[in-house]
Amino acid sequence: MTLPRGFKAQAERDVQALRKKIGAKPSTRLDLHAVAAEIGARIVAADRLVPIERLREIEGIQAYSFSACTFEINDQPIIVFNPIRTAPRQRSDVAHEMAHIILEHDLTEIQHLDDVAFRTCQPDQEEQATAFAGTLLLPRPVLLREASRNATVDQVAKKFGVTRKMAEYRWNTTGVARQVAAGRDKRRS
């Protein structure tokens, strides 16, 4: 599957506008609660709704079967995340749900797990939400700034509170490392 033409560039513009609106500095990790307030959502840990033992039981039955989801209650999106995940993974999961809200995705696809039906987004919308969430957590200007300072992927992940996998994904898909290296090579010659 591929993203629609211009999606990544538009995501960067949208994220920059959002970050500016909430006063996020490029040198600090994004405050997801500030984003939630801006988009009219709430973030809730699932263990506030069900006992954490139940979440661990579900995890034991099928690992990573529940990371995060969004419900709408009284016209307000409520993002529920799994607190047994690592903090960086929780940030990615919450950002992914925020992306669905920001992109105004509809829960239109019906899937079944055993005999339980549930609604989810279409695969292309899942891909869009993943890409937008990565942009939300690590926009290109932030990565460019870090790459120009010779930061490693691991350092970026730690500084911005994301998984190494997310940092590597954004590092590679934005091409900032290549751009900074090309700039250095040009200055040397």
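Use the structure listed above.
Values in this document were obtained by computation on a predicted structure and should not be read as measured data.

Draft legend 1. How the structure looks around helix H5 (residues 123–137). The end-to-end C-alpha distance of H5, which contains 15 residues, comes to 21 Å, matching closely the 21 Å that a straight helix rising 1.5 Å per residue would cover. All buried positions along H5 are accounted for by Gln125, Gln128, Ala129, Ala131, Phe132, Ala133, Gly134, Thr135, Leu136 and Leu137. Of the surrounding elements, those touching the buried residues of H5 are helix H1 (7–22), helix H2 (32–39), helix H4 (87–102) and helix H8 (164–174).

Draft legend 2. Geometry of the packing of H5 against H8. Running from amino to carboxyl end, H5 crosses H8 at an angle of 95°, the nearest separation of the two axes being 10 Å. By the angle between their axes, H5 is roughly perpendicular relative to H8. Two secondary-structure elements touch here, H5 through Thr130, Ala131, Gly134, Thr135 and Leu137 and H8 through Met166, Tyr169 and Arg170. Looking at the contact of H5 with H8 residue by residue, the classes come out as four nonpolar, three polar and one charged.

Draft legend 3. Looking closely at the pattern of salt bridges. Under the criterion given, the structure shown has nine salt bridges. In this structure, the salt-bridge partner of Glu146 is Lys159, at a minimum N-O distance of 2.9 Å. Taken together, the positions of Glu146 in helix H6 (residues 140–148) and Lys159 in helix H7 (residues 153–160) put the pair 13 residues apart, joining distant regions of the chain. Across the salt bridge formed by Glu168 and Arg164, the nearest N and O atoms sit 3.2 Å from each other. Residue Glu168 and its partner Arg164 are located together in helix H8, separated by four residues, close to a single helical turn.

Draft legend 4. Structural view of the side chain of Glu12. For Glu12, the location among the structural elements is in helix H1. Note on Glu12: relative accessible area 14%, which makes it buried. In terms of polar contacts, Glu12 uses its side chain to reach the backbone amide nitrogen of Arg140, at 3.0 Å. When residues no more than four places from it in sequence are discounted, the contact partners of Glu12 are Thr135, Pro139, Arg140, Pro141, Arg170 and Thr174.

Draft legend 5. Looking closely at the environment of Glu127. Considering the arrangement of structural elements, one finds Glu127 in helix H5. Separated by 29 residues in sequence, Glu127 and Met98 have C-alpha atoms that sit 14 Å apart.

Reading the values: the criteria
- Throughout this description, residue numbers start from 1 for each chain and increase along the sequence as written.
- Owing to the predicted nature of the model, reporting of local features is limited to residues with pLDDT of at least 70; listing and counting of side-chain atom pairs is limited to 80 or more, with chain, interface and lining totals taken over all residues.
- Hydrogens are left out, water is left out, and the side-chain values use all remaining heavy atoms of the structure.
- By definition, any uninterrupted DSSP run of H or I lasting at least four residues is a helix, any uninterrupted run of E lasting at least two residues is a strand, and each is numbered from the N terminus.
- Multiply 1.5 Å by the residue count of a helix minus one, and that product is the helix's expected span.
- Each residue is assigned to one of three classes by its accessible area relative to the maximum for its type, calculated with a 1.4 Å probe on protein chains only: buried under 20%, partly exposed between the two thresholds, exposed over 50%.
- Contacts: residue pairs with any heavy atoms within 4.5 Å of one another.
- Lines fitted to C-alpha atoms define the axes, with helix axes restricted to the stretch in contact, and inter-axis angles between N-to-C directions lie between 0 and 180 degrees.
- Angles below 35 degrees are treated as roughly parallel, those above 145 as roughly antiparallel, those between 65 and 115 as roughly perpendicular, and all remaining angles as oblique.
- Polar here means any residue outside two lists: the nonpolar Ala, Val, Leu, Ile, Met, Phe, Trp, Tyr, Cys and Pro, and the charged Asp, Glu, Lys and Arg; Gly therefore counts as polar.
- For this analysis, a salt bridge means a side-chain nitrogen from Lys or Arg found within 4 Å of a carboxyl oxygen belonging to Asp or Glu.
- Distance and chemistry together define a polar contact, namely a pair of N or O atoms within 3.5 Å, with one atom able to donate a hydrogen and the other to accept it when in protein, and with adjacent residues in sequence counting only for side-chain atoms on both sides.

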